[in-house]
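Take a look at the letters that make up each chain.
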Amino acid sequence: MFSKATQYGIRSVIYIWKQSLSGNRVGAKEVAEHVDAPEPFTAKILQDLVRKKIIGSMKGPTGGFYVGKEHEKFTLKDLVVAIDGTGLFEGCSLGLNQCSEVNPCPLHNEVKKVRDHIIHMLTAKSLKQLAEEVESGETVLSRFT
């Protein structure tokens, strides 16, 4: 359902949240190791997320990637849009230019139901809440320890 970049981004941000909840900042190498992703690709994704203010970063010996109060509102949808854009949520699934509520393609109404469900799923919890579920053991991301 998600691109590799988005999969790595989701896992990375949840890991960064998990570490930040314990007061830690982490480097790209550590994140990549824990989310089983290539380090250069992970570093690129993380820098892009910093530019888009989904996560923060600090330079220096005690620096690294982190999240805080200013990042608490972000959801999976925000992360998906930041990495892959809005394509998952808009446009005709058959590629027609004139598809709309008024002029629907044969799949429009069914795809709209699926998209509405996906949007609900991606906005129901914040990234912080997902990290808290991992931290508490309620959910798992097998490589996270």
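Residues numbered from 1 in each chain as written. Predicted model: local features only at pLDDT ≥ 70, side-chain atom pairs only at ≥ 80, totals over all residues. Heavy atoms only, no water.

J.: How do you make sense of the side chain of glutamine 19 when you look at a structure like this?
T.: In this fold, glutamine 19 is placed in helix H1 (residues 4-21). Beyond its immediate stretch of four places on either side in the chain, glutamine 19 contacts Asn24, Val26 and Glu30. (Helix = DSSP H or I, 4+ residues; strand = E, 2+ residues; numbered from the N terminus. Contact = heavy atoms within 4.5 Å.)

J.: I would appreciate a short explanation of the pattern of salt bridges in the present structure.
T.: Should the charged atoms of two oppositely charged side chains come close, the side chains can pair. Applying the stated rule across the entire model yields 8 salt bridges. The closest approach of N and O atoms between lysine 52 and aspartate 48, which form a salt bridge, is 3.2 Å. The class of lysine 52 is partly exposed, set by a relative accessible area of 42%. Of the charged contacts in the structure, one is a salt bridge between lysine 112 and aspartate 116, with a shortest N-O distance of 3.1 Å. Of this pair, lysine 112 and aspartate 116 both sit in helix H5 (residues 108-123), 4 residues apart, which is roughly one turn of the helix. With relative accessibility at 33%, the residue lysine 112 sits in the partly exposed group. Take aspartate 116: its relative accessible area is 39%, and that puts it in the partly exposed class. One salt-bridge network, held together by shared partners, links Asp48, Arg51 and Lys52. (Salt bridge = Lys/Arg side-chain N within 4 Å of Asp/Glu carboxyl O. Buried < 20%, exposed > 50% of the residue type's maximum accessible area, 1.4 Å probe, protein only.)

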